[in-house]
Every structure is written in C-alpha cells, then in structure tokens.
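Coordinate analysis (summary)
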Amino acid sequence: MTTMAMSQGAESLRMLLPQTMIHTKRLLMRWSRDPFTVMQALLFPALLLVMLNAVLGKQVSSFAGANALYGSVPMVALVGVMSGSLAGAVTLGRERDEGLLSRFWVLPVHRASGLLSRVLAEAVRILLCTIVIFAVGLALGFRFTQGPLAAIALFTIPVLFGLGFATMVTALAVYTAKATLVEGVSLASSMMMFFSTGFVPLIAYPRWAQPIVENNPLSHAIDTMRGLSLGGPVRGPLLATVAWSIGAIAVFAIPAALGFRRASRY
C-alpha cells in the first residue's frame, strides 16, 4: 500500500506542471477575450497615462526638475497591475458562481494546479501589461537611462508588487461579494495612486500628508522604478517593496488557498 501511494503521489506531481500550464493558457485566453479585463488592465491605464502627461506633465516636470514621465509611467503601470488583478478576481467570482471551479475540482487533476495556474497567469498578465504601458511611455518621451540590466530589473518590480497585490485581492474575492470587492479595491487603488510619489513629488503634498505618501507601498515601488530608469536611490525603496510584497503574500496566501478550495467545492 505504501509503494502504491508513493507511486500515485509521484504521478500526481509529474502531472502538476502540464496541468498547470493548461489552466494558465485557459485563463490567459479567457482574460484576453473579456472586454472588462482588457479595459481594466490595458485601455484605462494607457489613457490615464496620456491624460496625466497632457494635463500635468509640464507643471510636474518644472516643479520636480525632471520629466514627469519617470514618475507617472511607473505609477500607471502599477495602477494597471492593480486594475488587472481586480478584473481577475471578478473572473474568479464568475467561475465560482457558474460552477466551473467545482467541475474542475471533481476532475482527476492535481488540486494545486488551479491556484498555481492563477499565480502564473497573473505574472504573465502583469508583465505584458507593463510592457504595453512602458511602450506608451516611450512614445511620450520616457527613456531607460541606466542601461539594459537596470531596465530588465525594472520590469521585475511590477511583477513582484502585482503578485503581492493579487494574492491579497484573491483572498478577498473568495470571501466577499463581488460588488463590495470592486468598490473597495477600486477606492483603495485610487487613493494609493493620488497619494503616491508618482502623481506629484513628495514635497508638493501638504506636510500632514507627506508621511502617508512616503510610506505608501506604491510610492516605494515607483521610487525603485524611477531609480532604475532615471537614476537615484534604489536600495531603500527596493527593500521596502520586497518587504511589502512578500509580506502580503505571506499574510494572504493561506487564506487565498483555503478560500479557493472552498470556492471549488461550492
């Protein structure tokens, strides 16, 4: 019996990777065909970046002494990450309500493949969305001035930040109603954006608001990406970004996994 159980366990692990890849492909295809997800992750952030540059670009650039795009492009890329995570959470709720997750649960597939595929699909989506936003930024005048290695490192920041945020949103999605989730996360994302160093420089905020802006997780990620593209401090904001992202994953990973299991047996 022990030998048989070990053989079954090895076979299950062997099938984990291909089954995860199949689920990942399914999710990416579904997201790409969902107008709400495309708008939240790509269209809205791209239009936001163009609008911010047209309305505030010159004023912020004059005040900061550097092109405002070095703050607004990272900020909008991260806003796109958060918006896309929200759209993905809404899709998760739809699949739960439609009974799709429960149908997958009774199939002879590895239990972990469903949740792992969402993590992998989120990473791919975040990277693709970041590339699109930075392509728009390049068209507007954004440049990578610190070399190719710094540019490559820059693209890891939205992925790390986004996985932490997506883990938190996934945990919330499996325990809360869709309307409450959308309203709450949208409000929190907007507040984080307007009270971040990507919107205007820190010294432009009232003195009472500066501690809030300075300790905003979005500000840490933006400052890291600004340093990797324009130059400036990187170590401090990078460590803060890593700490926040890993902390969010550590805190919300187990509730997300338990909630996903419960949603799959709904």
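Residues numbered from 1 in each chain as written. Predicted model: local features only at pLDDT ≥ 70, side-chain atom pairs only at ≥ 80, totals over all residues. Heavy atoms only, no water.

One can find Gly-114 in helix α5 (residues 111–140). Judged by relative accessible area, which is 15%, Gly-114 ranks as buried. Separated by 62 residues in sequence, Gly-114 and Thr-176 place their C-alpha atoms 20 Å apart. Residue contacts for Gly-114: discarding those within four places in its chain leaves His-23 and Phe-260. (Helix = DSSP H or I, 4+ residues; strand = E, 2+ residues; numbered from the N terminus. Buried < 20%, exposed > 50% of the residue type's maximum accessible area, 1.4 Å probe, protein only. Contact = heavy atoms within 4.5 Å.)

Once that is clear, we can look at the packing of aromatic side chains. According to the stated counting rule, one finds nine aromatic pairs in the structure shown. Aromatic side chains Phe-134 and Phe-155 sit 5.2 Å apart centroid to centroid with 55° between the ring planes, which places their arrangement in the tilted category. With a gap of 21 residues between them, Phe-134 in helix α5 and Phe-155 in helix α6 (residues 148–173) connect regions that are remote in the sequence. When sorted by exposure, Phe-134 lands in the same class as Phe-155, which is buried. Pairing Phe-142 with Phe-144 gives two aromatic rings, centres 5.3 Å apart and planes at 85°, and the pair type is edge-to-face. Since its relative accessible area comes to 0%, Phe-142 is described here as buried. A relative accessible area of 28% means that Phe-144 is categorised as partly exposed. (Phe/Tyr/Trp six-rings, centres within 6.5 Å; stacked < 30°, edge-to-face > 60°.)

Attention shifts here to the side chain of Thr-24. Note that Thr-24 resides in helix α1 (residues 2–32). You can call Thr-24 buried: its relative accessible area is 5%. Contact partners of Thr-24, with chain neighbours within four places excluded, come to Ser-117, Leu-120 and Ala-121.

For the chain, the mean per-residue pLDDT works out to 85, and 94% of the residues sit at or above 70. Across the chain, the secondary-structure element scoring lowest on mean pLDDT is α1, at 71, and the one scoring highest is helix α9 (residues 217–229), at 95. (pLDDT = per-residue confidence, 0-100.)

Before going further, it helps to spend a moment on helix α10 (residues 235–264). A rise of 1.5 Å per residue sets the reference length of α10, with its 30 residues, at 44 Å; its end C-alpha atoms lie 41 Å apart and thus fit the reference within 8%. Of the residues making up α10, those classed as buried are Pro-237, Thr-241, Ser-245, Ala-248, Ala-256, Gly-259, Phe-260, Ala-263 and Ser-264. Packed against the buried residues of α10 are α3 (69–98), α4 (100–105), α5, α6 and α9. (Expected span 1.5 Å × (residues − 1).)

Take empty space enclosed by the protein next. One pass over the full model with this rule turns up two cavities of 30 Å³ or more. As a volume, the largest cavity reaches approximately 150 Å³. Along the wall of the largest cavity there are 14 residues; nearest its centre are His-23, Phe-104, Trp-105, Gly-114 and Phe-260. At the level of elements, α1, α4, α5 and α10 are the ones that each hand at least two residues to the lining of the largest cavity. No other element matches α5, which puts five residues into the lining of the largest cavity. A breakdown of the residues in the lining of the largest cavity according to their chemical character gives five nonpolar, six polar and three charged. (1 Å grid on protein atoms, 1.4 Å probe; cavity = no way out; pocket = protein on both sides within 12 Å on 5 of 7 lines; lining within 4 Å. Points joined across faces, edges and corners; volume = space filled by probe spheres on them. Nonpolar A, V, L, I, M, F, W, Y, C, P; charged D, E, K, R; others polar.)

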